[in-house]
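Letter by letter, the chains look like this.
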Amino acid sequence: MDTGLLRNNYTYYEGFEGEDEVVLTLDADSDMAIHVWVGYLDDILREPVLNGSEWTGLTRDYHQAEGAFSQEGESVTVHPEEYLEDMKKYSERQFDEPETAGAFQLIVAFLEFAVQEKALVRIQVN
Amino acid sequence: MRSSDSGQAHGTNGSPQMNMEQSQSSEKAKQNEAQAAQNASKAYDLRTLPKSSPMHIPKTAVVTEQQKDGYQQVKYQWTRGEYKYLNRWHQRTPNAPATRGNSWVIERTKPGIARGPNARPAEHEVYIKGKNGKGHWVPKSRWYAAIAARKRGTETKKQKELLNNGHWPAP
């Protein structure tokens, strides 16, 4: 993906102003940020794996109300490798909403870029 | 000679000590004015707002005031039993129907369990007003589906009702 598309990208939040958004930002460059409506994230993560393994990444944060999804609501800084590996578990899922696939691809591309750049990622839910 | 604008009867004999006190007084007065201006711009009163909530808000709830893009919001968060509650008062949001004013939206989450005999995903729910005026809990996935449909312009009558009934009228 063209890394320009990862710069201040609101594609999957436009039209949802007023609703919860999850923002992923490159810690080293705050202009590298994507904004995604939480409803798309819910669609991605709705059926987490229940195979006896602990959850990781956004699956853990979303389903266990931790990290950026804790009640404290603070932004958290994370290593993207764990979050990328976790996201990839959903690559075969049939999403309910037609646009969720695009949001998923964007999140994966962002995390891949962060890994490539060896950069930390800040996650915040607004 | 500089006069204090704090209203306090400080003299101004020009000594460094008095000038520092006057400066601190003046700075404090400016801070008070700024705080008063901020309070005056709030569309709510924290002392009375919780009483208008359709769900009782415990005194121990954590309160967060937010100025969002184009609207104000106050969040009340607390935990009771297995559930984490989020009760939000907010002004009309940018994409809300024109007929909707300020609202309460109430959600709760039962965190999931990754492993073990009770392994399950989290349960996210929204509190919806029923026909009898009482509230009941609905999976948030339905709420999200309704919001997505509204954005596409394809919301059904039931989805429109769900979104209306999940926004409890607020002062």
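Residues numbered from 1 in each chain as written. Chains lettered and ligands numbered in written order. Predicted model: local features only at pLDDT ≥ 70, side-chain atom pairs only at ≥ 80, totals over all residues.

Colleague: Tell me about the overall build of chain B, and please be specific about residues and values.
Modeller: Counting secondary structure elements, chain B contains three helices and seven strands. Reading the helices (α) and strands (β) of chain B from amino to carboxyl end gives α-β-β-β-β-β-β-α-α-β. Taking all 171 residues of chain B together, 19% fall into the buried category. (Helix = DSSP H or I, 4+ residues; strand = E, 2+ residues; numbered from the N terminus. Buried ≥ 20, exposed ≤ 12 C-beta atoms within 10 Å, placed from the backbone.)

Colleague: If you had to explain helix 3 (residues 157–166) of chain B to someone new, which residues and values would you point to?
Modeller: Residue and element names in this part refer to chain B. Taken together, the buried positions of helix 3 are Leu-162, Leu-163 and Gly-166. Buried residues in helix 3, looked at end-on, bunch into an arc of 90°, giving them a common side. Contacts from the buried residues of helix 3 go to strand 4 (103–110), strand 5 (123–129) and helix 2 (140–152). (Arc of directions from axis to C-beta. Contact = placed C-beta atoms within 7 Å.)

Colleague: Tell me about the sheet that holds strand 1 (residues 9–12) of chain A, residues and numbers included.
Modeller: Residues and elements named next belong to chain A. Here five strands make up an open sheet; going across it, the order is 1-3-2-5-4 and the pairing mixed. The open sheet terminates on both sides in strands that have one partner only, identified here as strand 1 and strand 4 (76–78). Averaged over all pairs of adjacent strands, the angle between their axes in this sheet comes to 25°, without regard to strand direction. Here five bridges tie strand 2 (residues 21–26) to strand 5 (residues 121–125), and the two strands are oriented antiparallel to one another. Note on strand 5: the bridge partner recorded for Val-22 is Val-125. On top of the sheet, helix 1 (residues 38–45) reaches strand 1, strand 2, strand 3 (29–37) and strand 5; it is set at about 70° to strand 3, its chief contact. (Pairing = 2+ DSSP bridges. Axes fitted to C-alpha atoms, helices over the stretch in contact; angles between N-to-C directions.)

Colleague: Could you give an account of the interface of chain B and chain A, with specific residues and numbers?
Modeller: Residue-level contacts link 23 residues of chain B with 22 residues of chain A. With seven residues, helix 2 of chain B is the single largest residue contributor to the side of chain B that touches chain A. Residue classes in the side of chain B that touches chain A are distributed as 12 nonpolar, six polar and five charged. (Nonpolar A, V, L, I, M, F, W, Y, C, P; charged D, E, K, R; others polar.)

Colleague: Could you give an account of unusual backbone geometry, with specific residues and numbers?
Modeller: Residues and elements named next belong to chain A. The backbone of Ala-65 sits at a positive phi, close to 50°, despite the residue not being glycine. Exposure remark for Ala-65: the 18 C-beta atoms within 10 Å place this residue in the partly exposed category. One non-glycine residue, Lys-118, adopts positive backbone phi at about 55°.

Colleague: Can you explain the confidence of the model for chain B? Please cite residues and give values.
Modeller: All names here are of chain B. Of all residues in chain B, 80% have pLDDT values of 70 or greater, and the mean over the chain is 85. Predicted confidence in chain B is weakest over helix 1 (residues 16–40), with a mean pLDDT of 65, and strongest over strand 5, with 98. Segment residues 1–14: pLDDT under 50, and 24 contacts once partners within four positions in sequence are set aside and those in other chains are kept. Both confidence scores are given for the complex: pTM 0.84, ipTM 0.93. (pLDDT = per-residue confidence, 0-100.)

Colleague: An account of the nonpolar core is requested, with residue identities and associated values reported.
Modeller: Formed by 35 residues in total, the largest nonpolar core has its most connected members in Val-36, Leu-41, Ile-107, Phe-110, Leu-111 and Val-121 of chain A. At the level of secondary structure, the elements contributing two or more residues to this core comprise strand 2, strand 3, helix 1, helix 2 (57–63), helix 3 (80–88), helix 4 (100–116) and strand 5 of chain A. Tallying contributions element by element places helix 4 of chain A first for this core, with seven residues. Sequence-distant contacts of Ile-107 of chain A, defined by excluding residues within four places in its chain, comprise Leu-24, Ile-34, Val-36 and Met-87 of chain A. Core analysis: the second largest hydrophobic core is formed by 17 residues, Val-74, Trp-143, Ala-146 and Leu-163 of chain B among them. (Core = buried A, V, L, I, M, F, W, Y, C linked by C-beta atoms within 7 Å.)

Colleague: How would you summarise helix 3 of chain A if you had to cite specific residues and measurements?
Modeller: All names here are of chain A. All buried positions along helix 3 are accounted for by Pro-80, Tyr-83, Leu-84, Asp-86 and Met-87. For helix 3, the angular spread of buried residues about the axis comes to 165°, placing them on one side. Residues of helix 3 that are buried make contact with helix 2, strand 4, helix 4 and strand 5.

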